[in-house]
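Coordinates in review
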Amino acid sequence: MITFKNVSKSFNQAMVLKNINLTINSQQIFGIIGTSGAGKSTLIRLINGLEIPSQGSIELDSKIQSSMIFQSYALLQSKTVYENVRLALKFSSIPKKEHEKKITDTLDYVGMTEKSNAYPSELSGGQKQRVGIARALVTNPSLLLCDEITSALDPNAKKKILALLKKVNQELKTTIVLVTHEMEAIKEICDEVAVIDQGEIIECKKTEELFLFPEKKITKDFLSDIIYPIAPKQAELNKGEAVYYLLLNAEQYHFFQKNVRNGYVYDIKTVHIKGIRYFALYLISEVDIGSAWLQEHTIRYERKEINVP
Ligand SMILES: Nc1ncnc2c1ncn2[C@@H]1O[C@H](COP(=O)(O)OP(=O)(O)O)[C@@H](O)[C@H]1O
Ligand SMILES: [Mg+2]
């Protein structure tokens, strides 16, 4: 467990983290999302002691051993995959006679056995990041700190790296802190998420809740590509019509299809949030559906008043 208590961090005169209070439970995948410059890297560097708080304190379980993974992979170009992973063992407490087996086992775990003797320049981005993960895992850390580790990868490689992190979390019981500016990376694997903006945590909750009930504008902006379909434009509405944004689960969507006749669906998006399917749609309706009905039959709704001349 990691606990931030009223932590602030300043560089020169500028306060880049302001009064952070945060609890990260063991064996969780904890996401931290924010735009560039929000303070994410500083926050993660406070956890492993690369930075110290200007105010407040950070408490870690006594036995925590952490490893860090970076967006830039940070591999040595003149060394092979095997040698890069071996470097991490140099200063570890793992006895030397166990190193070889440990390295081969770890490379196997991340699916890089066949590239053991390759150099970083011969690898794709996704493969380089697998080596980054192997180098982090080889010392048996209980905490994995990941700073934008999928940000430079193509969508397919991103998915695979996230799946690997999930496997590490589930099988090795490693606590993972995942820093990113991409909600897509949070969606599949994080248990809990903190949204950070200008050095402050503005929203912190379970991933499902953040997606289904976002409160802050910045959170909604982060979610916009994922959970909001295309909204109708003013000109396309007739007088008296209203637009509703509806978020439904599968059962509600089925009910909706059977029962809602006086309206049409403008655009619809299907989203899987932690494996559960939801439907987000814009409905244009001539009649007032009524908030009681909406409350009963949707997860979330917003009635948008659009004035048509
Ligand atoms: N060592 C440093 N010295 C001075 N300013 C820093 C230092 N590290 C980070 N900052 C500043 O702190 C702010 C947050 O940076 P950072 O934590 O890297 O944000 P993020 O990772 O969210 O992009 C930025 O304005 C950055 O310029
Ligand atoms: Mg950063």
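Residue indices begin from 1 for each chain and proceed along its sequence in written order. Note on labels: chains are lettered from A, ligands numbered from 1, in written order. Given that the model is predicted, a residue must reach a pLDDT of at least 70 before its local features are reported, and side-chain atom pairs must reach 80 or more before they are shown or counted; all residues, however, enter totals for whole chains, interfaces and linings.

Named according to an unreviewed UniProt entry, the protein is D-methionine transport system ATP-binding protein originating from Candidatus Enterococcus ferrettii.

1. Some details on the domain arrangement of the protein
Where each domain begins and ends is defined by an automated method or by a domain database. Taken domain by domain, the protein holds domain 1 (2-214) and domain 2 (234-304). Here domain 1 and domain 2 have C-alpha centroids that lie 38 Å from each other. By the criterion used throughout, residues are in contact when their C-beta atoms, derived from the backbone, lie within 7 Å. Domain 1 puts 6 residues into the contact, and the matching count from domain 2 is 5 residues. Only runs of H or I of at least four residues qualify as helices and only runs of E of at least two qualify as strands under DSSP, and these elements are numbered from the N terminus. A per-element tally of the side of domain 1 that touches domain 2 places helix α7 (residues 207-212) first, with 4 residues. Gly is put with the polar residues, along with every residue not named as nonpolar or charged; the nonpolar set is Ala, Val, Leu, Ile, Met, Phe, Trp, Tyr, Cys and Pro, and the charged set is Asp, Glu, Lys and Arg. Here the side of domain 1 that touches domain 2 is built from residues that sort into 3 nonpolar, 1 polar and 2 charged.

2. Some details on the UniProt feature "domain: ABC transporter" (unreviewed entry) in the protein
UniProt positions are given in the numbering used here, feature names are shortened, and annotations may be inferred rather than shown by experiment. The feature "domain: ABC transporter" (unreviewed entry), as given by UniProt, occupies residues 2-223 in the numbering adopted here. Here residues 2-223 is 36% helix and 27% strand, with 27 Å between the C-alpha atoms at its ends.

3. Some remarks on the site of ligand 1
All residues adjacent to ligand 1 are Phe11, Val16, Gly34, Ser36, Gly37, Ala38, Gly39, Lys40, Ser41 and Thr42. When the residues that make up the shell around ligand 1 are grouped by side-chain class, the tally is 3 nonpolar, 6 polar and 1 charged. Using the backbone to place each C-beta atom, any residue with that atom within 6 Å of a molecule or strand is considered near it.

4. Details of the sheet that holds strand β11 (residues 263-273)
The strand order across the open sheet built from 4 strands is β11-β12-β10-β13, with neighbouring strands paired in antiparallel fashion. Edge strands, defined here as strands with exactly one partner in the open sheet, are β11 and β13 (300-304). Neighbour-to-neighbour, the strand axes of this sheet turn through a mean angle of 15°, independent of strand direction. The strands touched by helix α9 (residues 250-259) are β10 (242-249) and β12 (276-285); relative to β10, the strand with the most contacts, the crossing angle is about 135°. Only when DSSP finds a minimum of two bridges between them are two strands counted as paired. Axis lines are fitted through C-alpha atoms, for helices just across the contact stretch, and the angle between N-to-C directions can take any value from 0 to 180 degrees.

5. A few points about the sheet that holds strand β3 (residues 29-33)
Pairing is mixed in the open sheet, where 6 strands are placed in the order β5-β6-β7-β3-β8-β9. Edge positions in the sheet fall to β5 (66-70) and β9 (200-206), since each of these pairs with one other strand and no more. Across the sheet, the mean angle separating the axes of adjacent strands is 15° when strand polarity is ignored. Sheet topology note: the β5/strand β6 (residues 143-147) ladder contains 5 bridges and is parallel. Residue serine 66 lies in a different strand from β6, and its bridge partner there is leucine 143. The strands that helix α4 (residues 125-137) touches are β5 and β6; relative to β5, the one it contacts most, it runs at about 170°.

6. Some thoughts on the packing of helix α2 (residues 81-89) against helix α3 (residues 99-109)
Relative placement of two packed helices is described by the angle separating their axes and the distance separating the axes. Viewed as axis vectors pointing N to C, α2 and α3 meet at an angle of 120°, and their least axial separation amounts to 10 Å. Looking at the two axes, α2 sits oblique to α3. The way α2 lies across α3 gives a crossing that is right-handed. For the pair formed by α2 and α3, the contact residues are Val81, Tyr82, Val85, Arg86 and Leu89 on the first element and His99, Lys102, Ile103, Thr106 and Leu107 on the second. Under this scheme an angle from 65 to 115 degrees is roughly perpendicular, one under 35 degrees roughly parallel, and one over 145 degrees roughly antiparallel; angles in between are oblique. Handedness of a crossing is defined here by the sense of rotation of the near helix relative to the far one, left-handed for an anticlockwise turn of less than a right angle and right-handed for a clockwise turn.

7. Some remarks on the packing of α4 against helix α5 (residues 155-172)
Where α4 meets α5, the axes come as close as 9 Å, and the angle between the chain directions of the two elements is 20°. The angle between α4 and α5 falls in the class roughly parallel. α5 is crossed by α4, and the crossing has right-handed handedness. On α5, the residues that touch Gly125, Gly126, Gln129, Ile133 and Leu137 of α4 are Ala157, Lys160, Ile161, Leu164 and Val168. Across the contact of α4 with α5, the residue classes tally to 6 nonpolar, 3 polar and 1 charged.

8. Digging into unusual backbone geometry
Of note in the backbone geometry, glutamate 148 takes a positive phi value of approximately 55° without being a glycine. With respect to the helices, strands and loops of the structure, glutamate 148 is situated in the loop between β6 and α5. Here the phi dihedral of lysine 173 falls at roughly 60°; this positive angle occurs in a residue that is not glycine. Examined against the element boundaries, lysine 173 turns out to sit in the loop between α5 and β7 (175-180). Looking at lysine 173, the number of C-beta atoms within 10 Å reads 10, which means it is exposed. Remark: C-beta atoms are placed from the backbone, and a residue is labelled buried if 20 or more other C-beta atoms sit within 10 Å of its own, exposed if 12 or fewer do, or partly exposed between those counts.

9. Quick look at the nonpolar core
Counting 74 residues, the largest nonpolar core has Val85, Ala134, Leu144, Leu145, Cys146, Val177 and Leu178 as its most contacted members. For this core, the domains that each give at least three residues are domain 1 (2-214) and domain 2 (234-304). Excluding its chain neighbours within four sequence positions, the residues that come into contact with cysteine 146 are Ile69, Ile176, Val177, Leu178 and Val179. What makes a nonpolar core is a set of buried Ala, Val, Leu, Ile, Met, Phe, Trp, Tyr and Cys residues, with links drawn between C-beta atoms within 7 Å.

10. Here we look at the environment of tyrosine 264
Structurally, tyrosine 264 is set in strand β11. Assessed through the 12 C-beta atoms surrounding it within 10 Å, tyrosine 264 is described here as exposed.

11. Topic: the environment of threonine 3
Mapped onto the elements of the fold, threonine 3 is located in strand β1 (residues 2-11). Take threonine 3: there are 15 C-beta atoms within 10 Å of it, and that puts it in the partly exposed class. Setting aside its immediate chain neighbours within four residues, threonine 3 contacts Thr23 and Glu59.

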